[in-house]
Amino acid sequence: MGIIVFFLILSILILVHEFGHFIAAKKNGVKVEEFGLGFPPRLFSKKIGETIYSINLLPLGGFVKVYGEEYHEKTKNKNRAFVYKKPWQKALIIISGVIGNLILAWVLLSFLATQGIQVPTNKVVIEEVQKNTPAQEAGLKVGDTIKAIKFENKVIVVKTPEDLITVANNKSGKEMLLSVENTKGIERFVRLTARKTYPKNQGPLGIAINGTELKKYSIFEAPIIGFKFSLKYLILIIAGFGELLKSLFTFHKPSFEVAGPIGIAQFTGQALKIGQGALLEFTAALSLNLAVLNIFPFPALDGGRLAFVVYEWITKKQVNKNFERSVNSIGMIILLSFVFIITINDIIRIFR
């Protein structure tokens, strides 16, 4: 089921991306020869106006074929050809796919905000107390809020789960005093010692904690919240790509796992098990990832094509088309090789 949903999500993301190109091309007077669902061979097609709308055999997204996409193509009507449009028009058509993915993520996260989204609360609440652990022995209860930790005459205010986790890991084996507030608002002090060794499914204290709460927003507030979450995700994704590039040049392993199609399908299945909200949030994150990846100035990607257009725009000269085709071909080979390596790593990780 996870694989089926993954292919469905991937198709939607690519279709939205291609639809962005489609709309921008139409609005700028470029003839769209074909808009296809899936990839050839073609199963069914119908021509409406000047555009062929097709359904194809391979159900992986879609494509847009515009008139005069390359200079070497024979074009009788230069006014309708992509390559003879003004640089700003070509740039707009190229980036519209990325804009489509950004809008999709914003819409999904805005919808999630109306259904309820987890937001930070500046407090850490115990959700589970595990058996035979320091937390159980100290009398901690589900619903208790951990407000502060006193250790060696130092008081550390606990506002996020990370605050508590950091202290518990760094001060394992040593006694600490916790300021705890129960569900009735009564505060008490609990003395316990974090463990140095513990089972894999437990932490040093033996509790599950949460620093967020579910909050619903009105349809008027939701677009603002959706935009804020989209921006937050974008910053994290761009930082992740930056670290990945740095690791490639320095030959250091990045601090996170890089997933290919198989890994993403696995994570889709996990999100599906959690529920609709997790699946929609995961889809929004994938859409933003696709946007960032595509706008990156690498040959064979939208960003690579945009770089050539910007060059023409600044220099008023056309890029050598043999050079452009060669660079794009090499870029595609590198990308496919990268995907192959990541896929092998996904398989090894899953079996491990």
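Before reading further, recall that the structure is shown in the block above.
Since this is a predicted model, take the numbers as computed values, not measurements.

> Can you help me understand the overall build of the protein chain in this one?
Along the backbone of the protein chain there are nine helices and eight strands. Each principal axis of the C-alpha distribution contributes one length, and for the protein chain these read about 85 × 45 × 40 Å. Summed over its atoms, the accessible surface of the protein chain is roughly 20,900 Å², and 64% of this surface lies on carbon and sulfur atoms. Taken as two groups, the 43 positive and 26 negative side-chain charges of the protein chain have centres that lie 4 Å from each other.

> Sorry if this is basic, but what is going on with the nonpolar core here?
The tendency in soluble globular proteins is for nonpolar side chains to be buried as a group. Grouped together as the largest cluster of nonpolar side chains are 28 residues, with contacts concentrated most on Ile-9, Tyr-217, Phe-229 and Leu-286. When residues of this core are traced back to their parent elements, those giving at least two are α1 (2-27), α2 (87-115), β3 (117-129), α5 (222-250), α6 (261-274) and α7 (276-295). By residue number, the principal contributor to this core is α7, which donates seven residues. The residues touching Tyr-217, leaving out its near neighbours within four places in the chain, are Ala-113, Thr-114, Ile-117, Val-119, Ala-222 and Ile-225.

> Explain the side chain of Thr-145 to me, please; I cannot follow it from the model alone.
On the secondary structure map, Thr-145 appears in strand β4 (residues 145-151). The exposure class of Thr-145 is buried, given its relative accessible area of 11%. Beyond its immediate sequence surroundings of up to four residues, Thr-145 is in contact with Lys-123, Val-124, Val-125, Ser-179, Val-180 and Glu-181.

> Hey, could you run me through the packing of α6 against α7 in this one?
The description of two helices packed together rests on the angle between their axes and the distance between the axes. Viewed as axis vectors pointing N to C, α6 and α7 meet at an angle of 150 degrees, and their least axial separation amounts to 7 Å. Considering the angle they form, α6 stands roughly antiparallel to α7. Where α6 abuts α7, its residues Ile-264, Phe-267, Thr-268, Ala-271, Leu-272 and Ile-274 lie against Ala-278, Leu-279, Phe-282 and Leu-286. For the contact of α6 with α7, the residue count by class is nine nonpolar, one polar and no charged.

> Teacher, can you tell me more about a nonpolar patch on the surface here?
Among the surface-exposed residues, Trp-88, Leu-92, Ile-99, Ile-103, Trp-106, Val-107, Phe-227, Leu-231, Ile-235, Val-310, Trp-313 and Ile-314 lie close enough to one another that they form a single nonpolar patch of about 1,100 Å² accessible area. Every element with two or more residues in the nonpolar patch is listed here: α2, α5 and α8 (302-315). Of the residues forming the nonpolar patch, the biggest block, six residues, is contributed by α2. The residue Phe-227 is located in helix α5 in this model.

> Where do I start with the pattern of salt bridges in this structure?
Two side chains with opposite charge may pair up if their charged atoms get near one another. Throughout the structure, instances matching the rule amount to eight salt bridges. The partner of Glu-181 in a salt bridge is Lys-147, and the shortest N-O contact between them spans 3.5 Å. Placement of the pair is Glu-181 in strand β6 (residues 175-181) and Lys-147 in strand β4, with a sequence separation of 34 residues. Here Lys-147 falls in the partly exposed class, since its relative accessible area comes to 35%. A salt bridge links Glu-175 to Arg-191, with the nearest nitrogen and oxygen atoms 3.5 Å apart. Here the residue Glu-175 occupies a position in strand β6, and Arg-191 occupies one in strand β7 (residues 187-193), the gap between them amounting to 16 residues. Residue Arg-191 is classed as exposed on the basis of its relative accessible area of 51%.

> I'm lost on α2 in this one. Help?
Each turn of an α-helix holds 3.6 residues, which means side chains three or four residues apart point in the same direction. Helix length check: α2, at 29 residues, gives a terminal C-alpha distance of 42 Å against a target of 42 Å (1.5 Å per residue), a fit within 8%. Along α2, the sharpest kink reaches roughly 40 degrees, centred on Ser-96. Just beyond α2, the residue with positive phi is Gly-116, at close to 125 degrees.

Scoring rules and cut-offs
- Residues numbered from 1 in each chain as written.
- Predicted model: local features only at pLDDT ≥ 70, side-chain atom pairs only at ≥ 80, totals over all residues.
- Heavy atoms only, no water.
- Helix = DSSP H or I, 4+ residues; strand = E, 2+ residues; numbered from the N terminus.
- Areas by Shrake-Rupley, 256 points an atom, 1.4 Å probe, with all protein chains shown as cover.
- Lys, Arg positive; Asp, Glu negative; His and termini not counted.
- Charge placed at Lys NZ, Arg CZ, Asp CG, Glu CD.
- Core = buried A, V, L, I, M, F, W, Y, C linked by side-chain atoms within 4.5 Å.
- Buried < 20%, exposed > 50% of the residue type's maximum accessible area, 1.4 Å probe, protein only.
- Contact = heavy atoms within 4.5 Å.
- Axes fitted to C-alpha atoms, helices over the stretch in contact; angles between N-to-C directions.
- Parallel < 35°, antiparallel > 145°, perpendicular 65-115°, else oblique.
- Nonpolar A, V, L, I, M, F, W, Y, C, P; charged D, E, K, R; others polar.
- Patch = residues over 30% accessible without salt bridge, like charges linked within 9 Å, V, L, I, M, F, W, Y side chains within 5 Å.
- Salt bridge = Lys/Arg side-chain N within 4 Å of Asp/Glu carboxyl O.
- Expected span 1.5 Å × (residues − 1).
- Bend = angle between axes of the 7 residues up to and from the residue.

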